[in-house]
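Understanding the architecture of this molecule
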Amino acid sequence: TGRLESVFATAADLIASGDLDETLARITERAALQVRAPRYLLAVRTTPGSELHVHQKGFDADEAARVAERVLAVTHDELPEHWLRADVTSARNDYGRLVAVYQPGAEFFPAERDLLDVYA
């Protein structure tokens with residue numbers, strides 16, 4: 001019930017907020033509460049070639065920039081198995097990726113994969 005309420009709250013944020021970076025930061029924070037992992041990163045562009053918006057938890061600034069470029073440049077299969085990636089897309093565009101990063105050897109539950117997709 002708590003997870004579902006958080007998803008609805010995130011949807012309400014998307015409708016109510018006029019500030020893109022504030023909304024993206026909230027999405028990253030809420031995903032971090034729902035999918036167990038020590039590090040998260042949301043990297044999106046509103047239009048192809050536009051400024052990259054990066055929001056993260058658990059990375060330092062330089063590492064976040066490197067990880068953002070990496071997750072945007074490679075396919076899902078090229079990322080480590082302990083990284084959970086969800087594509088941020090609409091019917092018309094591919095905006096970027098939302099990634100949860102665990103330590104090597106850790107596995108995510110199927111429900112966590114579904115939740116990350118919802119937040120993406």
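Let me begin by describing the structure that accompanies this report. (Residues numbered from 1 in each chain as written. Predicted model: local features only at pLDDT ≥ 70, side-chain atom pairs only at ≥ 80, totals over all residues. Heavy atoms only, no water.)

A few words now on the overall build of the protein chain. From N to C terminus, the protein chain includes four helices and four strands. Going from N to C terminus, the protein chain has its helices and strands arranged as α-α-β-β-α-β-β-α. Every one of the 120 residues in the protein chain was classed for burial, and the buried ones make up 39%. The long-range fraction of contacts in the protein chain, counting pairs at least 24 apart against all pairs at least 6 apart in sequence, stands at 49%. When the accessible area of the protein chain is evaluated, it comes to approximately 6900 Å², of which 52% is carbon and sulfur surface. (Helix = DSSP H or I, 4+ residues; strand = E, 2+ residues; numbered from the N terminus. Buried < 20%, exposed > 50% of the residue type's maximum accessible area, 1.4 Å probe, protein only. Contact = heavy atoms within 4.5 Å. Areas by Shrake-Rupley, 256 points an atom, 1.4 Å probe, with all protein chains shown as cover.)

As a further point, take the packing of aromatic side chains. What describes a pair of aromatic rings is the distance from one ring centre to the other and the angle between the planes of the rings. As enumerated under the stated definition, the model contains one aromatic pair in all. Residues tyrosine 102 and phenylalanine 108 carry aromatic rings whose centres are separated by 5.8 Å and whose planes lie at 65° to one another, so their mutual orientation is edge-to-face. (Phe/Tyr/Trp six-rings, centres within 6.5 Å; stacked < 30°, edge-to-face > 60°.)

Ranked by internal contacts, the top residues of the largest apolar core, which has 20 residues, are Val35, Leu42, Leu98, Ala100, Phe108 and Leu116. Sorting the residues of this core by element identifies α2 (20-34), β1 (39-45), β3 (83-89), β4 (94-101) and α4 (110-119) as the ones contributing at least two each. Sorting elements by how many residues they give to this core places α2 first, with four residues. Once residues lying within four places of it in the same chain are set aside, the contact partners of leucine 42 are Leu24, Ile27, Thr28, His53, Val54, His55, Val88, Arg97 and Leu98. (Core = buried A, V, L, I, M, F, W, Y, C linked by side-chain atoms within 4.5 Å.)

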